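Structural overview
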Amino acid sequence: MQTLSTIKALRQTLATHRHQGDKIALVPTMGNLHSGHTALVELARRHADIVVATIFVNPLQFGAGEDLDAYPRTLAEDQSKLEAAGCHLLFTPSNALLYPNGLEAHTRVIVPEVSQGLCGASRPGHFEGVATVVTMLFNLVQPDIACFGEKDYQQLAVIRKMTADFHLPIDIIGAPTVRNDDGLALSSRNGYLDDAQRAKAPALYRTLCRARDALENGMRSNDVLHEALENLVAAHFKPDYLELRRADDLGPVTDTTQNAMLLAAAHLGTTRLIDNIPVLLPKN
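Predicted model only: the values in this text are computed from it and were never measured.

Thresholds, definitions, all that
Residues numbered from 1 in each chain as written. Predicted model: local features only at pLDDT ≥ 70, side-chain atom pairs only at ≥ 80, totals over all residues. Heavy atoms only, no water. Helix = DSSP H or I, 4+ residues; strand = E, 2+ residues; numbered from the N terminus. Buried < 20%, exposed > 50% of the residue type's maximum accessible area, 1.4 Å probe, protein only. Contact = heavy atoms within 4.5 Å. Pairing = 2+ DSSP bridges. Axes fitted to C-alpha atoms, helices over the stretch in contact; angles between N-to-C directions. Expected span 1.5 Å × (residues − 1).

1. Remarks on the side chain of N32
For N32, the position within the fold is in the loop between strand 2 (24-29) and helix 2 (35-47). The class for N32 is buried, based on a relative accessible area of 17%. Residues contacting N32, with those up to four places away along its chain left out, are H37, P72, T74, D78 and S188.

2. Remarks on the sheet that holds strand 7 (residues 238-246)
Read across the sheet, three strands follow the order 7-8-9 without closing on themselves; strand pairing throughout is antiparallel. Looking at which strands have only one partner, the edges of the open sheet turn out to be strand 7 and strand 9 (271-280). The mean inter-strand angle of the sheet, taken between neighbouring strand axes irrespective of direction, is 15°. Judged from the eight bridges that link them, strand 7 and strand 8 (residues 259-268) form a sheet pairing that is antiparallel. Along strand 8, the bridge assignment pairs P239 with A266. Helix 10 (residues 221-234) rests against strand 7 and strand 8 of the sheet, and its axis sits at about 155° to strand 7.

3. Overview of helix 7 (residues 153-165)
Along its 13 residues, helix 7 runs 18 Å from first to last C-alpha, staying within 8% of the 18 Å computed at 1.5 Å per residue. Within helix 7 the residues assigned to the buried category are Y153, Q154, Q155, L156, A157, V158, I159, M162 and T163. Buried residues along helix 7 sit against helix 5 (119-122), helix 6 (126-141), strand 5 (145-149), strand 6 (171-175), strand 8 and strand 9. Downstream of helix 7 by one or two residues, H167 has phi in the positive range, about 55°.

Dropping the structure here:
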């Protein structure tokens with residue numbers, strides 16, 4: 001696996017592969033990789049000849065008081081994991097490379113509607129930062145496909161809409177959430193949990209599963225969501241949101257909606273966890 005840190009080297013290397021007719025896949029990450037990330041690389045390998053991963057802790061998607069400075073940087077370990085998963089090329093740009101004139105002067109990409117609410121309400125400007133950096137990476141790599149995890153479901157929806165709105169010739173592939181044996185969705189931020197919090201954390205997924213079962217059995221959504229929020233509080237979480245949305249565009253569910261997503265974010269101590277599961281609503 002090659003590791004490159006300049007735009008010139010990246011473009012020259014990819015031009016050679018493109019000239020050979022290789023299909024290129026992109027897996028953007030912020031590093032501190034876990035099995036969910038390597039599953040994305042393995043998925044990308046099934047769809048492309050060359051897999052490009054990126055590691056960049058993007059300052060534009062962190063708000064004031066968030067964990068930008070504390071976010072784990074584990075490049076050597078990440079390189080080993082990517083190589084073992086079959087990644088061919090790793091791009092590790094610096095802040096100065098991607099934002100040479102600073103963050104305030106940089107052009108932004110805003111994806112309306114799907115960015116609003118949920119994490120978009122809790123983290124103002126977050127999806128603007130995500131859309132901006134992913135647009136840059138799409139331009140630099142020019143992949144045929146790009147793989148993103150479904151754990152960050154709103155992020156995936158934002159990227160899908162952005163790609164469609166800009167008519168980009170990139171297939172966006174979502175990968176199922178990878179979980180620990182106890183159901184907790186894998187996340188780099190799980191490392192912030194102490195032992196007692198880690199033992200409580202799977203209650204988020206269990207709560208979502210119980211709520212999904214109730215919804216699929218025809219119980220009223222308001223009642224189900226209210227009970228689920230109470231259960232999270234009883235499990236020592238501080239809920240941020242727990243909402244039922246349409247699966248395709250994250251709009252409000254209607255009487256005709258069948259494919260939905262149940263999405264939640266909650267703090268356990270100082271750690272913010274997110275999760276989601278699909279819900280098949282009964283026909284009315």
